[in-house]
Amino acid sequence: MKLTLRVWRQKNPDTPGAMATYELDGVSQDMSFLEMLDVLNEELIVKGEEPVAFDHDCREGICGACSLVINGDAHGPERTTTCQLHMRSFRDGDTIDIEPWRASAFPVIKDLVVDRSAFDRVIQAGGFITAPTGSAPEAHATPVPKADADYAFEHAECIGCGACVAACPNGAAMLFTSAKVNHLNVLPQGSPERETRVLDMVAQMDAEGFGGCTLAGECATACPKGIPLFSITAMNKEWLRASRKVKR
Amino acid sequence: MAFGFWQSTLGKKIVMGVTGLIMIGYLCAHLLGNMKIFFGPGEFNAYGHWLRVMGAPVLHHEWGLWIARIVLLAAVILHAVSAYQLSRRDIKARPQKYVHTKPRMSYATRTMRWGGVILGLFIVWHILDLTTGTTHSGGFQEGHPYQNVVDTFSTWYGNVIYIVAMLAMGMHVRHGFWSAAQTLGAGNHTRDRALKAIANALAIVLTAGFISIPVGVMTGVVS
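Worth saying up front: this structure is predicted, and the values here are computed from it rather than measured. (Residues numbered from 1 in each chain as written. Chains lettered and ligands numbered in written order. Predicted model: local features only at pLDDT ≥ 70, side-chain atom pairs only at ≥ 80, totals over all residues. Heavy atoms only, no water.)

Trainee: Would you explain the overall build of chain B in this entry?
Mentor: Scanning chain B for helices and strands turns up nine helices and zero strands. The helix and strand sequence of chain B, counted from the amino end, reads α-α-α-α-α-α-α-α-α. Across its three principal directions, the C-alpha atoms of chain B cover 55 × 45 × 35 Å. Per-residue burial over chain B gives 41% buried out of 223 residues. Within chain B, contacts between residues at least 6 apart in sequence are counted, and of these 65% link residues at least 24 apart. Summed over its atoms, the accessible surface of chain B is roughly 12200 Å², and 71% of this surface lies on carbon and sulfur atoms. Side chains of chain B carry 18 positive and 7 negative charges; the gap between the two charge centres is 22 Å. (Helix = DSSP H or I, 4+ residues; strand = E, 2+ residues; numbered from the N terminus. Buried < 20%, exposed > 50% of the residue type's maximum accessible area, 1.4 Å probe, protein only. Contact = heavy atoms within 4.5 Å. Areas by Shrake-Rupley, 256 points an atom, 1.4 Å probe, with all protein chains shown as cover. Lys, Arg positive; Asp, Glu negative; His and termini not counted. Charge placed at Lys NZ, Arg CZ, Asp CG, Glu CD.)

Trainee: Can you walk me through the pattern of salt bridges in this structure?
Mentor: All names here are of chain A. The final tally for this structure, using the stated rule, is 18 salt bridges over all chains. The salt bridge involving Lys2 is made with Glu23; its shortest N-O contact spans 3.8 Å. Taken as a pair, Lys2 in the segment before strand 1 (3–9) and Glu23 in strand 2 (residues 18–24) lie far apart in primary sequence, 21 residues in all. Assessed through its relative accessible area of 49%, Glu23 is described here as partly exposed. (Salt bridge = Lys/Arg side-chain N within 4 Å of Asp/Glu carboxyl O.)

Trainee: Explain the packing of helix 8 (residues 156–183) of chain B against helix 9 (residues 192–219) of chain B to me, please; I cannot follow it from the model alone.
Mentor: Residue and element names in this part refer to chain B. Relative orientation of the contacting elements helix 8 and helix 9 amounts to 165 degrees, with a least axis distance of 9 Å. The angle between helix 8 and helix 9 falls in the class roughly antiparallel. As for how helix 8 packs across helix 9, the hand of that crossing is right-handed. Looking at the contact of helix 8 with helix 9 residue by residue, the classes come out as 20 nonpolar, five polar and three charged. (Axes fitted to C-alpha atoms, helices over the stretch in contact; angles between N-to-C directions. Parallel < 35°, antiparallel > 145°, perpendicular 65-115°, else oblique. Left-handed = near helix turned anticlockwise from the far one by under 90°. Nonpolar A, V, L, I, M, F, W, Y, C, P; charged D, E, K, R; others polar.)

Trainee: Sorry if this is basic, but what is going on with a nonpolar patch on the surface here?
Mentor: Residues and elements named next belong to chain B. On the surface, Val18, Ile22, Trp63, Ile67 and Val71 cluster together to form a nonpolar patch covering roughly 450 Å² of accessible area. At the level of secondary structure, the elements contributing two or more residues to the nonpolar patch comprise helix 2 (9–34) and helix 4 (63–92). Ranked by residue count, the leading element in the nonpolar patch is helix 4, at three residues. Looking at Val18, the relative accessible area reads 38%, which means it is partly exposed. (Patch = residues over 30% accessible without salt bridge, like charges linked within 9 Å, V, L, I, M, F, W, Y side chains within 5 Å.)

Trainee: How do you make sense of the packing of helix 5 (residues 174–185) of chain A against helix 8 (residues 230–245) of chain A when you look at a structure like this?
Mentor: Axis angle and axis distance: for two packed helices, these are the angle between their axes and the distance between the axes, and together they describe the pair. Residues and elements named next belong to chain A. Following both chains from N to C, one finds helix 5 and helix 8 inclined at 65 degrees, their axes separated by 8 Å at the closest point. In terms of crossing hand, the pair formed by helix 5 and helix 8 is left-handed. Mapping the contact onto sequence places Met174, Leu175, Thr177, Ser178, Val181, Asn182 and Asn185 in helix 5 and Ser231, Ile232, Ala234, Met235, Asn236 and Glu238 in helix 8.

Trainee: In this structure, what is going on with the interface of chain A and chain B? I would like to understand it.
Mentor: Frequently, the measure chosen for interface size is the accessible area that the parts lose on association. Listed by partner, the interface residues are 43 residues for chain A and 38 residues for chain B. Note on chain A versus chain B: buried area summed over both sides is about 3400 Å², and carbon and sulfur give 57% of it. Counting the contacts that link chain A with chain B gives two salt bridges. Where Lys102 of chain B meets Asp73 of chain A, a salt bridge forms, and the shortest distance between an N and an O atom there is 3.0 Å. The tally of links from chain A across to chain B stands at 22 residue pairs in polar contact (both at pLDDT 80 or more). Secondary-structure elements contributing two or more residues to the side of chain A that touches chain B are strand 5 (95–99), helix 4 (163–167), helix 6 (194–207) and helix 8 of chain A. Considering each element in turn, the side of chain A that touches chain B owes the most residues, seven residues, to helix 8 of chain A. A per-class count over the side of chain A that touches chain B returns 23 nonpolar, twelve polar and eight charged. (Buried area = accessible area lost by both parts, 1.4 Å probe. Polar contact = N/O pair within 3.5 Å; in protein donor to acceptor, adjacent residues only side chain to side chain.)

Trainee: It is not clear to me how the sheet that holds strand 5 of chain A should be interpreted in this structure. Could you clarify?
Mentor: The pairing of strands in a sheet comes from backbone hydrogen bonds and takes either a parallel or an antiparallel form. Residues and elements named next belong to chain A. Within the open sheet, the five strands sit side by side as 2-1-5-3-4. Their pairing is mixed. Two strands in the sheet have a free side with no partner beyond their single neighbour: strand 2 and strand 4 (73–74). Pairing geometry for strand 1 and strand 2, over seven bridges, is antiparallel. In the sheet register, Arg6 faces strand 2, and the bridge partner there is Thr21. Against the sheet, helix 1 (residues 33–46) touches strand 1, strand 2, strand 3 (69–70) and strand 5, its axis set at about 90 degrees to strand 2. (Pairing = 2+ DSSP bridges.)

Pasting the structure below:
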């Protein structure tokens, strides 16, 4: 395959960036998208140019490190992570636009790498339980109804990649925050902090400068783990309940 | 807590949802009342008069009407202020746009902001036209709403402004009702089809109902 790549190049957070065009030949359909970028970078290094910086880690679709907006879609045209996207999803001669996540809360560090530590601070604000966990607890000590366990697991699937923020027309982190809130709020282990968790995490989400929800639904469409849009509805319900219950 | 509620993006959205539902409720009542225009000037004018003595003898003359006006004005202002503040925040959250863009959201979703501005301007014109009579085309007659409505819809621009605004209203209600349900935590997988159906039904019935009035005047059914 022969491709024309238009890639966002930005030296550092303070220098304005621009799209740069590269021609890449000899791409196999069996390559993953990141392997295709590896090939591009090898060519750039041989030519003595600066390789394109991009985030990646496990390349198995489970860590949430990779983060590319490909032709306007977070993680590209398939419903998966960028690392699990393969070049067979493109055609010979295609022009592919590759951009970083765009959000004021996710500033660009270099090229396609953005700083997602805003997500870490949202987690720190309440995405944990304070019960000592130590060694594995006795499995039958805390009964969890099957439906609740399934619901918690559905939300625990969130890998915090930030595709929801990248896809949202408002740069909102509602889907991410709701996945974390719902995951713990439905379980007995998470119930002592049920109210403060949702209030603190939403407050931190706002403080990080993420936008608000307009129910466009783009986040749930982009999510590689299939977190449903109704997670946001459920978080709204939790927040409303908590703000009535907790007096601060 | 009240301060924190308003400071939160979720709190502002809840304010928008509640005020939006109040306005949808008002639109339904307003449409039902307006339908009396198809039963002649006597019935329509009597309905207009009843609005002033609504709630009597508990309420003094026009008190019921003024209570409704104050509630609606508060709803419009809270809805618009929340929308303005949230929109500014949303725009700031994505300072750098994508180079590769594609239209994705439904037309109703994409036009919520400008559609809302159009509706705000329409409400001002509508009040100046048929409540105060300031910008009325014919000679505005206090206490003769039937004739005033016929006069407004006898002008081409009266029809154009009204019909465009009603189409904008229908789309705003379509996305707005469903969104309010999500914001207030009422949506889920099982209820979604019903909520979307209600949103579509509200949008279609309100739009078609209100547009039937200028169409009635244009076709001579109302004259």
